[in-house]
Amino acid sequence: SRTRILTAGHCIEQMGWRLSVNPQHLTYYPETVSVIFGKEFVRAKAITFAPTMFDSPDILSEDLALVELSSPLKSVEVLPVALKSDLVPGAEVL
């Protein structure tokens with residue numbers, strides 16, 4: 001997709017956080033996160049973390065985040081998603 005990026009959650013979890021008036025409370029601002037791809041610069045519109053991303057500080061959490069961009073990247077080649085029917089047991093996966 002030209003408007004969504006799947007990445008490791010730890011790569012962006014510290015971006016977009018700002019302290020509010022109450023120092024114990026954090027508010028998330030996804031629009032402060034940007035993606036640079038080649039010469040393109042696009043701000044995030046929304047970020048969704050995996051459901052267990054913050055449940056555990058160890059490898060038991062899902063370290064994933066989906067970044068939805070405010071506008072599509074123009075210079076990205078969109079790759080097709082493999083379907084279950086495309087998978088052949090024992091076949092080499094590249």
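Here, the structure is the one placed above.
Report follows, based on the coordinates.

What counts, and at which threshold
- Residues numbered from 1 in each chain as written.
- Predicted model: local features only at pLDDT ≥ 70, side-chain atom pairs only at ≥ 80, totals over all residues.
- Heavy atoms only, no water.
- Pairing = 2+ DSSP bridges.
- Helix = DSSP H or I, 4+ residues; strand = E, 2+ residues; numbered from the N terminus.
- Axes fitted to C-alpha atoms, helices over the stretch in contact; angles between N-to-C directions.
- Buried < 20%, exposed > 50% of the residue type's maximum accessible area, 1.4 Å probe, protein only.
- Lys, Arg positive; Asp, Glu negative; His and termini not counted.
- Salt bridge = Lys/Arg side-chain N within 4 Å of Asp/Glu carboxyl O.
- Polar contact = N/O pair within 3.5 Å; in protein donor to acceptor, adjacent residues only side chain to side chain.
- Contact = heavy atoms within 4.5 Å.

1. Some remarks on the sheet that holds strand S6 (residues 65–69)
Strand-to-strand pairing in sheets goes through backbone hydrogen bonds, with the strands running parallel or antiparallel. Taken in spatial order, the four strands line up as S1-S6-S5-S4 in an open sheet, and their pairing is antiparallel. Taken across any chain shown, the strands that pair with only one partner, and hence form the sheet edges, are strand S1 (4–7) and strand S4 (34–37). Each neighbouring strand pair of the sheet contributes to a mean axis angle of 40°, computed without reference to strand direction. As paired strands, S1 and S6 are joined by four bridges and run antiparallel to one another. Within the sheet, the bridge partner assigned to Ile-5 lies in S6 and is Val-67.

2. Looking at the side chain of Glu-40
Residue placement: Glu-40 occurs in strand S5 (residues 40–49). Lacking a salt bridge, the buried Glu-40 has Lys-74 as its closest oppositely charged neighbour, with an N-O distance of 5.6 Å. Within the structure, the side chain of Glu-40 is placed 2.7 Å from the backbone nitrogen of Lys-74, a separation counted as a polar contact. One polar contact links Glu-40 to Ser-75, side chain to side chain, over a distance of 2.4 Å. Excluding residues that lie within four positions of it along the chain, Glu-40 makes contacts with Val-35, Pro-72, Leu-73, Lys-74 and Ser-75.

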